[in-house]
Amino acid sequence: PFKLLGILDVENIPCARDSILYGSLGSVVAGFGHFLLTSRIRRSCDVGVGGFILVTLGCWFHCRYNYAKLRIQERIAREGIKNKILYESTHLDPERKQTNGNSSN
């Protein structure tokens, strides 16, 4: 497995790979753009490092938020399917109550 700085397992942690790649691209764009505007090498490197940190953290939090939201939706769907299997054709089935109520009116 590829570990970044020996601690971050990029292959197995969701969102880590994309965040690092987008952060690298953001670093290059920010540093090179600042250099083209000002021609100050040291400041451009600082802007590049800042761009890397900001873009990496921004992508990380955005991706992790969407990942957590997807996990919650999957859990809700899994529980719904489990309940559908458990309660199908029993007196606790909500669909059976609705169809029986409509046919008795």
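From a predicted model like this one, the values you see are computed outputs, not experimental measurements.

Draft legend 1. Molecular detail of the overall build of the protein chain. Along the protein chain, the regular secondary structure elements total 3 helices and 2 strands. Element order for the protein chain, N to C, with α for helix and β for strand: β-β-α-α-α. Across the 105 residues in the protein chain, those meeting the buried criterion constitute 14%. Long-range contacts, defined as pairs at least 24 residues apart, comprise 42% of the intrachain contacts of the protein chain with a sequence gap of at least 6. For the protein chain, the accessible area works out to roughly 8,500 Å², and carbon and sulfur atoms hold 63% of it.

Draft legend 2. Seen up close, the packing of helix α1 (residues 16-38) against helix α2 (residues 41-87). Between α1 and α2, whose axes approach to 7 Å, the crossing angle comes to 150°. Judged by the inter-axis angle, α1 sits roughly antiparallel to α2. Crossing handedness for the pair α1 and α2: right-handed. In terms of residue class, the contact of α1 with α2 is made up of 12 nonpolar, 12 polar and 1 charged.

Draft legend 3. Examining a nonpolar patch on the surface more closely. Taken together, the side chains of V28, F32, F35, L36 and I41 make up a nonpolar region of the molecular surface, amounting to roughly 530 Å² of accessible area. Looking at the nonpolar patch element by element, the count peaks at 4 residues for α1. Here I41 falls in the exposed class, since its relative accessible area comes to 59%.

Draft legend 4. A look at the UniProt feature "transmembrane region" (unreviewed entry) in the protein chain. As recorded in UniProt, the sites labelled "transmembrane region" (unreviewed entry) are residues 20-37. With 100% helix and 0% strand, the stretch residues 20-37 has end C-alpha atoms that lie 26 Å from each other.

Draft legend 5. Geometry of the state of the cysteines. For the structure shown, the criterion picks out 1 disulfide. One disulfide in the model links C15 with C63; its S-S distance is 2.0 Å. Disulfide C15-C63: the torsion about the S-S bond is -70°, which places it as left-handed. Taken as a pair, C15 in the loop between β2 (8-9) and α1 and C63 in helix α2 lie far apart in primary sequence, 48 residues in all. Cysteine C59 is unpaired, with the sulfur of C63 as its nearest cysteine sulfur at 8.4 Å.

Draft legend 6. Structural detail: the environment of I53. Along the polypeptide, I53 turns up in helix α2. Exposure remark for I53: the relative accessible area of 44% places this residue in the partly exposed category. C-alpha of I53 to C-alpha of S24: the two residues are 29 residues apart in sequence and 9.1 Å apart in space.

Cut-off values and rules
- Residues numbered from 1 in each chain as written.
- Predicted model: local features only at pLDDT ≥ 70, side-chain atom pairs only at ≥ 80, totals over all residues.
- Heavy atoms only, no water.
- Helix = DSSP H or I, 4+ residues; strand = E, 2+ residues; numbered from the N terminus.
- Buried < 20%, exposed > 50% of the residue type's maximum accessible area, 1.4 Å probe, protein only.
- Contact = heavy atoms within 4.5 Å.
- Areas by Shrake-Rupley, 256 points an atom, 1.4 Å probe, with all protein chains shown as cover.
- Axes fitted to C-alpha atoms, helices over the stretch in contact; angles between N-to-C directions.
- Parallel < 35°, antiparallel > 145°, perpendicular 65-115°, else oblique.
- Left-handed = near helix turned anticlockwise from the far one by under 90°.
- Nonpolar A, V, L, I, M, F, W, Y, C, P; charged D, E, K, R; others polar.
- Patch = residues over 30% accessible without salt bridge, like charges linked within 9 Å, V, L, I, M, F, W, Y side chains within 5 Å.
- Salt bridge = Lys/Arg side-chain N within 4 Å of Asp/Glu carboxyl O.
- UniProt positions renumbered as here; feature names shortened; annotations may be inferred.
- Disulfide = S-S within 2.5 Å.

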